[in-house]
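# Structural characterization, general
Next come the chains, spelled out residue by residue.
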Amino acid sequence: MPPAHPFDDDKLKEECGVFGVIGVADAANFVALGLHALQHRGQEAGGIVSYHPDHGFNNARRFGYVRDNFTSQSLMQTLPGPLAIGHVRYSTAGAKGAAIRDVQPFFGEFAMGGAAIAHNGNLTNADSLRRELIERGSIFQSSSDSECIIHLMARSLQRNIPERMEDALRRVEGAFSIVAMTRTKLIGVRDPMGVRPLVLGRIGDGWVLSSETCALDIIGAEYVREIEPGEMVVISEKKGIESLRPFRPQPPKFCIFEHVYFSRPDSIIGGRSVYETRRQIGVELARETPVEADLVCPVPDSGTPAAIGFAHESGIPFGMGIIRNQYMGRTFIEPTEQIRNMGVRLKLNVNRALIQGKRVVLVDDSVVRGTTSRKIKEMILDAGAAEVHFRIASPPTAWPCFYGVDTPQREKLLAATMTEEEMREYLSVDSLKFISLDGLYRAVGEAQGRNAKCPQHCDACFSGEYPVEPSDMIQKGFRLKAAE
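Residues numbered from 1 in each chain as written. Predicted model: local features only at pLDDT ≥ 70, side-chain atom pairs only at ≥ 80, totals over all residues. Heavy atoms only, no water.

One pass over the full model with this rule turns up 13 aromatic pairs. When the centroid spacing of 6.5 Å and the interplanar angle of 85° are considered together, the rings of Trp 399 and Tyr 466 count as edge-to-face. Of this pair, Trp 399 sits in the loop between β21 (387–392) and α14 (414–417) while Tyr 466 is found in the loop between α17 (460–463) and α18 (471–475), placing the two residues 67 residues apart along the sequence. Like Trp 399, the residue Tyr 466 is buried in the burial classification. (Phe/Tyr/Trp six-rings, centres within 6.5 Å; stacked < 30°, edge-to-face > 60°. Helix = DSSP H or I, 4+ residues; strand = E, 2+ residues; numbered from the N terminus. Buried < 20%, exposed > 50% of the residue type's maximum accessible area, 1.4 Å probe, protein only.)

Right, here's the structure in full:
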């Protein structure tokens, strides 16, 4: 795998995407299309497993984009059958793109037949489970936390694969949305808090499971509903959909950053348009952090809906002051020192005629390390801007995520070591303001803001309040936020 682009490291990385189809001819073709729509959730690698009664299980795993691998007719012909699942990966646990064996879906052969599993999220007790399983004789093939689930299933004494999966998932902690398959069944599960997304769709006489609704659209599937937190659905052509509740009920804690950044703007979450939520974040941001300026400019592409909302609410004109090069890949050329010094200019270019002499409000979704923000500010000033004001469509990211997002170590997060004013000085901008946690909650539909006693979402990356204790990281020395 070629190296990641040198300035792709200043965003939180998408976790993974999962997709599965049952009851259609050549299901793997539909899965490939679904994974293409979920590519934003993981660009490192992808895999598909299919089952055909005459040919058994078949799989293909590749590094790189879906479009570069799973559009080949010769490859797709090796994945026949009416049942298939797939996965796109950005490594949040395990080695970073080191081995094809880390690419999901994972497959296991059990006494009652084979099963494949694709996992979005992170298990916070995977290290301790792995040690226990290895001591009992399990032989791991990958460095992924997800493989623990296969080994736990193998050791279960339950009678069939869905029951073994229930058994295994009761042992794991953390966040998981899972799409799995046997010879005859498509299975979907969300963890008890529903941290990561999973939705159900209908296509003809068949069924679809997907991380996001936008992937249903690409194959012409009808959105049915979300898989609920703590729910397990078992879908077969004979019995249709069976809904099970294998876990003790818990208050839901859906990841609020899905609303801010991870999900595609054309997806629906909790009955709400992601685009509309992001536009509303901009509205709240304009109300909370007014500024005198001449132009509201998004940092493309993720800052655009919030910038539109900010401009509408503030009355300041909206303009595309920064243009994105749509053909800039993640692996353009070897990142030599000279190329690194070009900063973000290969990816973004300033619309000089629009910017010159203006007081500019730059709207972005987040500030992680701050390196890209500084480069963009320099580009705007070089183009002749009179002032630069940053408005950020999320609260300060001060804590790492352990539930399926690849976050830098805490000390590398700008907001973990600096106050807002210190960040403003570091970025050398005229003003820097973030939306408040309450403002963010209002934008996602919680009219009263955040419930401090029992937050309605997982917002640990902003608040430091982890709904599931990250036991593996604590054993490695991670210190939780002190109780107030």
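Let us now look at a nonpolar patch on the surface. A contiguous nonpolar surface patch, about 240 Å² in accessible area, is contributed by Phe 318, Met 320 and Ile 323. Counting through the fold element by element, Ile 323 comes out in strand β18 (residues 322–324). (Patch = residues over 30% accessible without salt bridge, like charges linked within 9 Å, V, L, I, M, F, W, Y side chains within 5 Å. Areas by Shrake-Rupley, 256 points an atom, 1.4 Å probe, with all protein chains shown as cover. Salt bridge = Lys/Arg side-chain N within 4 Å of Asp/Glu carboxyl O.)

Strand order across the open sheet formed by 6 strands is β5-β6-β7-β8-β12-β13, with antiparallel pairing between neighbours. Each edge of the open sheet is held by one strand with a lone partner, namely β5 (106–110) and β13 (240–244). Here the strands of the sheet are splayed against their neighbours by 20° on average, with no regard to which way each runs. Looking at chain direction, strand β7 (residues 177–181) and strand β8 (residues 185–190) are connected through 5 bridges and run antiparallel. Residue pairing across strands places Val 179 opposite Gly 188, the latter belonging to β8. (Pairing = 2+ DSSP bridges. Axes fitted to C-alpha atoms, helices over the stretch in contact; angles between N-to-C directions.)

One pass over the structure, following the stated rule, counts 26 salt bridges. Between Arg 170 and Glu 166 there is a salt bridge; the shortest N-O distance is 3.0 Å. For Glu 166, a relative accessible area of 15% puts it in the buried group. The shortest N-O distance in the salt bridge between Arg 196 and Glu 258 comes to 3.4 Å. Of this pair, Arg 196 sits in the loop between β8 and β9 (199–203) while Glu 258 sits in helix α8 (residues 257–262), and the two are 62 residues apart along the sequence.

Okay, the pairing of β21 next. Two faces, one strand: in a regular strand the side chains alternate between the faces of the sheet. Burial analysis of β21 places 5 of its 6 residues in the buried class, which makes it a mostly covered element. Bridge analysis of strand β20 (residues 359–364) against β21 gives 6 bridges, and the strand direction is parallel. Across the sheet, the residue bridging to Val 360 is Val 388, located in β21. On the question of chirality, the crossover connecting β20 to the parallel β21 by way of helix α13 (residues 371–382) is right-handed. Here β21 runs beside strand β22 (residues 431–434); their pairing, made up of 4 bridges, is parallel. Residue pairing for β22: Ile 392 is matched across the bridge by Phe 434. (Right-handed = clockwise from strand over helix to strand, strands pointing away.)

Turning our attention to unusual backbone geometry. The peptide bond linking Gln 104 to Pro 105 adopts the cis configuration, its omega dihedral lying at 5°. Here Pro 105 is to be found in the loop between β4 (83–89) and β5. In this chain, Pro 300 is followed by Asp 301 through a cis amide linkage whose omega measures -5°. Tracing the chain through its elements places Asp 301 in the loop between β17 (295–298) and α10 (304–314). Phi angles above zero are rare outside glycine, and Asp 26 is one such case at about 55°. On the secondary structure map, Asp 26 appears in the loop between β1 (16–22) and α1 (27–37). One non-glycine residue, Ser 428, adopts positive backbone phi at about 55°. Among the structural elements, Ser 428 can be located in the loop between α15 (420–427) and β22.

Before going further, it helps to spend a moment on the packing of helix α5 (residues 147–155) against helix α6 (residues 161–169). Running from amino to carboxyl end, α5 crosses α6 at an angle of 115°, the nearest separation of the two axes being 8 Å. The way α5 lies across α6 gives a crossing that is right-handed. On α6, the residues that touch Ile 149, Leu 152, Met 153 and Ala 154 of α5 are Ile 161, Arg 164, Met 165, Ala 168 and Leu 169. The residue makeup of the contact of α5 with α6, split by class, is 8 nonpolar, no polar and 1 charged. (Left-handed = near helix turned anticlockwise from the far one by under 90°. Contact = heavy atoms within 4.5 Å. Nonpolar A, V, L, I, M, F, W, Y, C, P; charged D, E, K, R; others polar.)

Keep in mind that low pLDDT regions are not for reading the predicted coordinates in detail. For the chain, the average pLDDT comes to 91, and 91% of its residues sit at 70 or higher. In this model, residues 1–8 is a region of pLDDT below 50 whose contacts with residues beyond four sequence positions or in other chains number 27 contacts. pLDDT under 50 marks residues 330–335. Its contacts with residues more than four places away, or in other chains, come to 18 contacts. (pLDDT = per-residue confidence, 0-100.)

Where helix α9 (residues 274–288) meets α10, the axes come as close as 6 Å, and the angle between the chain directions of the two elements is 45°. What the angle tells us is that α9 and α10 run oblique. Crossing geometry of α9 relative to α10 is assigned as right-handed. Of the residues in α10, those in contact with Tyr 275, Arg 278, Arg 279, Gly 282, Val 283, Leu 285, Ala 286 and Arg 287 of α9 are Pro 305, Ala 306, Ile 308, Gly 309, Phe 310, Glu 313 and Ser 314. (Parallel < 35°, antiparallel > 145°, perpendicular 65-115°, else oblique.)

It is worth spelling out the sheet that holds strand β3 (residues 56–63) at this point. Ordered by their spatial adjacency, 7 strands build an open sheet running β3-β2-β4-β1-β10-β9-β11, and the pairing between neighbours is antiparallel. In this open sheet, the two edge strands, each paired with only one partner strand, are β3 and β11 (222–226). Strand-to-strand twist across the sheet, computed as the mean angle between neighbouring axes with direction ignored, equals 15°. In terms of strand pairing, strand β2 (residues 45–52) meets β3 through 8 bridges, oriented antiparallel. Bridge pairing in β3 places Tyr 51 opposite Phe 57.

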